[in-house]
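What follows is each chain in one-letter form.
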Amino acid sequence: MTRTPPQARTTPPHGTAPTTILLCDDHLVVRAGLLALLGSEPDIEVVGEAGNGEEAVALAAALRPDVVLMDLQLGEGIDGIEATRRIAALPGPPPPHVLVLTTYDTDADITRAIAAGATGYLLKAERPEELFAAIHSAAQGRTTLSPPVASRVMAHMRGTKPTLTERELDILGQLARGLGNRDIARALFISEATVKTHLGRIYDKLGVDTRAGAVSVAKEQRLLPS
């Protein structure tokens, strides 16, 4: 649903057109906070809001904003990654640039977002000034990454692989087979508590917080036996 922000717009400096924004976040309170924050900037104009991925794609196609601020987790329907992919593939003029704005900074999320066509990846913990600068950079097609995200990307580009113990690799292999904790414990003759402990260490080393994320990164890093 599109909605005109409540703040009265002021003329941008030097008569330049403002950077137009489409917000996509499934939390109404978060969108309201972003509307208030972005409404304080005369050179940024929010032209629409979306509460899910499908709505974001439809509004991006109809409104053609300069930038789509995209969260990754969007409840039911397609997630922010798939929405980004569809927006980046819109036909016609150059599609809107997608700037991911999220709380998630795992390697798997970052890699998938960039592969889907995101221009930038920003964490919600950044200062407002950083958000404003990232929006203007994204509007011009320049890549902007939060410092923690940039560090992860650089490590990935250097081919740095996490060091896993032999037992952790065994458990990772069982995860890739789709086994649950109980079945992994039985297969490796260890307790479920031990499996959980190893999983926590695996998640930390791979920079993920889900089983699917661990398997995804393991495949990307070629940590699983062929």
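Just so you know, these numbers come straight off a predicted model, no measurement behind them.

Procedures and definitions
Residues numbered from 1 in each chain as written. Predicted model: local features only at pLDDT ≥ 70, side-chain atom pairs only at ≥ 80, totals over all residues. Heavy atoms only, no water. Buried < 20%, exposed > 50% of the residue type's maximum accessible area, 1.4 Å probe, protein only. Helix = DSSP H or I, 4+ residues; strand = E, 2+ residues; numbered from the N terminus. Pairing = 2+ DSSP bridges. Right-handed = clockwise from strand over helix to strand, strands pointing away. Axes fitted to C-alpha atoms, helices over the stretch in contact; angles between N-to-C directions. Parallel < 35°, antiparallel > 145°, perpendicular 65-115°, else oblique. Left-handed = near helix turned anticlockwise from the far one by under 90°. Contact = heavy atoms within 4.5 Å. Salt bridge = Lys/Arg side-chain N within 4 Å of Asp/Glu carboxyl O.

K.L.:
Give a description of the pairing of strand β1 (residues 19–24) that names residues and reports values.
P.N.:
A regular strand places its side chains on the two faces of the sheet in alternate fashion. Within β1, six of the six residues are buried, which leaves it mostly tucked inside the rest of the structure. On β1, burial covers both faces: Thr19, Ile21 and Leu23 on one face and Thr20, Leu22 and Cys24 on the other are all buried. Of the strand pairs in this sheet, β1 and strand β2 (residues 44–50) are connected by six bridges, and their pairing is parallel. Residue pairing across strands places Leu22 opposite Gly48, the latter belonging to β2. Once the chain exits β1 it traverses helix α1 (residues 28–38) before rejoining the sheet at β2, and the crossover so formed is right-handed. For β1 and strand β3 (residues 67–70), the ladder comprises four bridges, and the chain directions are parallel.

K.L.:
How would you explain the packing of helix α7 (residues 166–176) against helix α8 (residues 181–188) if you had to name every residue and give the values?
P.N.:
For the pair α7 and α8, interaxial distance at closest approach is 10 Å and the crossing angle is 130°. Judged by the inter-axis angle, α7 sits oblique to α8. Considering how the two elements wind past one another, α7 and α8 form a crossing that is right-handed. Counted together, Arg167, Asp170, Ile171, Gln174 and Leu175 of α7 and Ile184, Ala187 and Leu188 of α8 form the full contact between these two elements.

K.L.:
Provide a residue-level description of the pattern of salt bridges, including the pertinent values.
P.N.:
Under the counting rule described, the total for this entry stands at ten salt bridges. Measuring nitrogen to oxygen at the nearest pair gives 2.7 Å for the salt bridge that ties Glu82 to Arg85. Here Glu82 and its partner Arg85 are both found in helix α3 (residues 80–88), three residues apart, which amounts to about one turn of the helix. Take Arg85: its relative accessible area is 38%, and that puts it in the partly exposed class. For Arg182, the salt bridge is made with Glu192, and the minimal N-O distance between the two is 3.5 Å. Of this pair, Arg182 sits in helix α8 while Glu192 is found in helix α9 (residues 192–206), placing the two residues ten residues apart along the sequence. You can call Glu192 partly exposed: its relative accessible area is 33%. Beyond isolated ion pairs, a larger network of salt bridges with shared partners links Asp25, Asp71 and Lys124.

K.L.:
So what's going on with unusual backbone geometry? Residues and values would help.
P.N.:
Located in the positive-phi region is Arg64, a residue other than glycine, with phi close to 50°. Relative to the helices and strands, Arg64 resides in the loop between α2 (53–63) and β3. Within the chain, Phe189 stands out as a residue other than glycine whose phi angle is a positive 60°. Its location among the elements puts Phe189 in the loop between α8 and α9.

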